[in-house]
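The residues making up each chain are set out below.
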Amino acid sequence: MDFKLTEEHIMIRDAARDFAKNELLPGVIERDEKQEFPKEQIKKMGELGFLGMMVSPEYGGGGMDTVSYVLAMEEISKIDASASVVMSVNNSLVCWGIEKFGNEEQKQKYLPKLATGESIGAFCLSEPEAGSDATSQRTTAIEKDDHYLLNGTKNWITNGSTADYYIVIAQTHPEKKHKGINAFIIEKGWKGFEIGPKEQKLGIRGSDTHSLNFNDVKVPKENRIGEDGFGFKFAMKTLSGGRIGIAAQALGIAAGAYELAKEYSKVRKAFGTEIMNHQAIAFKLADMHTSIEASRHLVMKAACDKDNGENYDLSGAMAKLFASKTAMDVTVEAVQVHGGNGYVKEYHVERLMRDAKITQIYEGTSEIQKIVISRSILRD
Ligand code: CAA
């Protein structure tokens, strides 16, 4: 497999790298500590085109490929995974879902704002009793005259209070089980739509995670995405692409921690020499580098599959499974390489270690990826 990057890819990667270093790094520790959303930084990311990278130019996006997107995701995630999760949800779950499955009116109404970051999107599937078991939706959207009445609760919603538009998955025909589920675009401020308190999280603390309550929210029929009953397939297809973005986020977290550990090992001395000269440290760095390279190959393979019109359910799930484990393993080792300094905030690696954990949980836990992978390989 040849993953040769074009000049444009390199330009995009370098632009994301510069942005992360110049705009996201200052204040990243404080935002983590205070659970503060990177509002100004996200606004700039929108202006630079990072929030609608794959959206067609006719709807205000960058018209870029998935490879460009994962390159940018990796660079942003090396520095600030709280900013990159906003980028990931907006690009892969919200913009992609609307552009791929929405009708022309929905695309024209919502995409130009979402693609430029003027508005932010959220994707609302998880519920108190439907996390991994996504078919068991309790939120209902019952048809009534010219609208649906939406009732229920969604949990752990990224961009929960900062979003303007929410894609909400709900059950319309319970007797049809997953074939009765629909996806809707809901706007902030609609009567009966309430945003719950902010979650106090272990990692990605700068991102904004809430539960949402819907009490008789009137949703116009034209805000349903796709045919009646398409909602579960919509969610699964959209999440398949989303997993490539989260795999790239995990890769970035791992690569960021590895780079810090490598640099530290060149300056920190113990037993009369820089610690990189001790095999105990050099072997750790060798393992970290190898698993990061393997993750990068899986992420690129999944991105290329998507760009080439191939099925990417399997490659995306494998990329997410492996890269998220790598993120966890590498960040733990990066803390170890730093010793006592690794345990304090100013060296960044403890934050990256906390951020890494979520990549094994959201957009499908590692166990869910194994379900997707095993079903796919056993079907062949
Ligand atoms: N593309 C298209 N259709 C798909 C699909 C895909 N990738 N995956 C499943 N489907 C279809 C199946 O073909 C089936 O359709 P038919 O009945 O017509 O044959 C239907 O969906 C049901 O599929 P399954 O029988 O496989 O359903 P299941 O319940 O056994 O398993 C699952 C599905 C893979 C476990 C799924 O429930 C799943 O992915 N769960 C995890 C949910 C998840 O990722 N949540 C993340 C929340 S969003 C988030 O985290 C965002 C954020 O804030 C960062």
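Note that the structure is predicted; figures quoted are calculated from it, not measured.

Novice: Mind showing me how you'd approach unusual backbone geometry here?
Specialist: Most peptide bonds take the trans form, and the phi angle of most residues other than glycine is negative. The backbone phi angle of Lys177 is positive, close to 50 degrees, even though this residue is not glycine. Mapped onto the elements of the fold, Lys177 is located in the loop between β4 (165-171) and β5 (181-187). Relative accessible area serves as the criterion here: at 61%, Lys177 is assigned to the exposed category. At Ile204, a position not held by glycine, the phi torsion is positive, near 30 degrees. Here Ile204 is to be found in the loop between β6 (193-198) and β7 (209-220). Here Ile204 falls in the buried class, since its relative accessible area comes to 4%.

Novice: How should the UniProt feature "domain: Acyl-CoA dehydrogenase/oxidase N-terminal" (unreviewed entry) in the chain be read in this particular structure?
Specialist: As annotated by UniProt and renumbered to match this structure, "domain: Acyl-CoA dehydrogenase/oxidase N-terminal" (unreviewed entry) occupies residues 6-118. Between the end C-alpha atoms of residues 6-118 there is a gap of 30 Å, over a span that is 73% helix and 0% strand.

Novice: Help me understand the UniProt feature "domain: Acyl-CoA dehydrogenase/oxidase C-terminal" (unreviewed entry) in the chain in this model?
Specialist: Using the residue numbers shown here, the UniProt feature "domain: Acyl-CoA dehydrogenase/oxidase C-terminal" (unreviewed entry) corresponds to residues 231-378. Its end C-alpha atoms 26 Å apart, residues 231-378 is made of 78% helix and 3% strand.

Novice: Looking at this model, I keep getting lost on the site of the ligand. Mind explaining?
Specialist: Neighbouring residues of the ligand: 25 residues in total, closest Ser132, Thr158, His178, Arg243 and Arg375. Between Lys233 and the ligand, the recorded distance is 3.1 Å, taken from a side-chain N or O atom to an oxygen atom. Backbone polar atom of Gly364 to an oxygen atom of the ligand: 3.0 Å apart, as the coordinates give it. A total of 1100 Å² of accessible area belongs to the ligand in isolation, and the protein chains cover 75% of it. At the level of elements, α5 (81-101), α7 (231-267) and α11 (366-379) are the ones that each hand at least two residues to the shell around the ligand. Looking at which element gives the most residues to the shell around the ligand, the answer is α7, with seven residues. The residue makeup of the shell around the ligand, split by class, is 10 nonpolar, eight polar and seven charged.

Novice: Got a minute to help me understand the packing of helix α1 (residues 7-24) against helix α3 (residues 39-47) in this structure?
Specialist: Packed helices, taken two at a time, are described by the angle between their axes plus the distance between the axes. Close contact between α1 and α3 brings their axes to 11 Å; oriented N to C, the two are set at 155 degrees. Here α1 lies roughly antiparallel to α3, going by the angle between them. Like other packed secondary-structure pairs, α1 and α3 cross with a definite hand, here right-handed. Two secondary-structure elements touch here, α1 through Phe19, Glu23 and Leu24 and α3 through Gln41, Lys44 and Met45. Grouping the constituent residues of the contact of α1 with α3 by class yields three nonpolar, one polar and two charged.

Novice: For this particular structure, what's the right way to read the environment of Lys39?
Specialist: Relative to the assigned elements, Lys39 resides in helix α3. When the C-alpha atoms of Lys39 and Asp65 are compared, they prove to be 26 Å apart, with 26 residues separating the residues in sequence.

Novice: Can you walk me through helix α10 (residues 349-358) in this structure?
Specialist: For the α-helix, the turn length of 3.6 residues means that residues three or four positions removed from each other point alike. With seven of 10 residues buried, α10 lies mostly within the body of the structure. Among the residues of α10, Val349, Glu350, Arg351, Leu352, Arg354, Asp355 and Ala356 are the ones counted as buried. Lining the buried residues of α10 we find α2 (28-34), α4 (66-79), α5, α7 and α9 (313-338).

Novice: Hey, could you run me through the pairing of β4 in this one?
Specialist: Looking along a regular strand, one sees the side chains alternate between the two faces of the sheet. Burial analysis of β4 places seven of its seven residues in the buried class, the great majority of the element. Side chains Tyr165, Ile167, Ile169 and Gln171 project from β4 onto one buried face, and the interleaved Tyr166, Val168 and Ala170 project onto a second face that is buried too. Note that strand β1 (residues 121-124) and β4 share four bridges and pair parallel. By the bridge assignment for β4, Phe123 is matched with Ile167.

Novice: Is there a simple way to explain the nonpolar core in this structure?
Specialist: For soluble globular proteins, nonpolar side chains are generally found buried alongside one another. Of all hydrophobic cores here, the largest spans 91 residues; its most connected members are Met45, Met87, Phe123 and Ile167. If one sorts the elements of this core by residue count, α7 sits on top with 17 residues. Apart from residues no more than four positions distant in its own chain, Met45 is found in contact with Phe19, Phe50, Leu51, Ile76, Ala83 and Met87. Of all hydrophobic cores here, the second largest spans 18 residues; its members include Leu150, Phe184, Leu212 and Val219.

Novice: Would you explain the packing of α7 against α10 in this entry?
Specialist: At a minimum axis separation of 10 Å, α7 and α10 run at an interaxial angle of 160 degrees. Relative to α10, the element α7 lies roughly antiparallel. Between α7 and α10 lies a crossing of left-handed hand. Where α7 approaches α10, its residues Ile253, Gly256, Ala257 and Leu260 are matched on the opposing element by Val349, Leu352, Asp355 and Ala356. A per-class count over the contact of α7 with α10 returns six nonpolar, one polar and one charged.

Novice: Mind showing me how you'd approach helix α8 (residues 279-307) here?
Specialist: With 29 residues, α8 should cover 42 Å at 1.5 Å per step; its first-to-last C-alpha distance of 41 Å lies within 8% of that length. Trailing α8 by a residue or two, Gly309 shows a phi angle of about 75 degrees, which is positive.

Novice: Please clarify how the pattern of salt bridges should be interpreted in this entry.
Specialist: Where charged atoms of side chains with opposite charge meet at close range, the side chains can pair. A complete count under the given rule lists 20 salt bridges for this structure. The partner of Arg17 in a salt bridge is Glu75, with the nearest N and O atoms 2.9 Å apart. Note that Arg17 is positioned in helix α1 and Glu75 in helix α4, a separation of 58 residues in sequence. Note on Glu75: relative accessible area 3%, which makes it buried. Two residues, Glu187 and Lys109, come together in a salt bridge whose shortest N-O distance is 3.2 Å. Here the residue Glu187 occupies a position in strand β5, and Lys109 occupies one in helix α6 (residues 104-116), the gap between them amounting to 78 residues. The class for Glu187 is buried, based on a relative accessible area of 17%. One continuous salt-bridge network, built from bridges that share partners, spans Arg17, Glu75, Lys78 and Glu259.

About the cut-offs
Residues numbered from 1 in each chain as written. Predicted model: local features only at pLDDT ≥ 70, side-chain atom pairs only at ≥ 80, totals over all residues. Heavy atoms only, no water. Helix = DSSP H or I, 4+ residues; strand = E, 2+ residues; numbered from the N terminus. Buried < 20%, exposed > 50% of the residue type's maximum accessible area, 1.4 Å probe, protein only. UniProt positions renumbered as here; feature names shortened; annotations may be inferred. Near = heavy atom within 4 Å. Polar contact = N/O pair within 3.5 Å; in protein donor to acceptor, adjacent residues only side chain to side chain. Areas by Shrake-Rupley, 256 points an atom, 1.4 Å probe, with all protein chains shown as cover. Nonpolar A, V, L, I, M, F, W, Y, C, P; charged D, E, K, R; others polar. Axes fitted to C-alpha atoms, helices over the stretch in contact; angles between N-to-C directions. Parallel < 35°, antiparallel > 145°, perpendicular 65-115°, else oblique. Left-handed = near helix turned anticlockwise from the far one by under 90°. Contact = heavy atoms within 4.5 Å. Pairing = 2+ DSSP bridges. Core = buried A, V, L, I, M, F, W, Y, C linked by side-chain atoms within 4.5 Å. Expected span 1.5 Å × (residues − 1). Salt bridge = Lys/Arg side-chain N within 4 Å of Asp/Glu carboxyl O.

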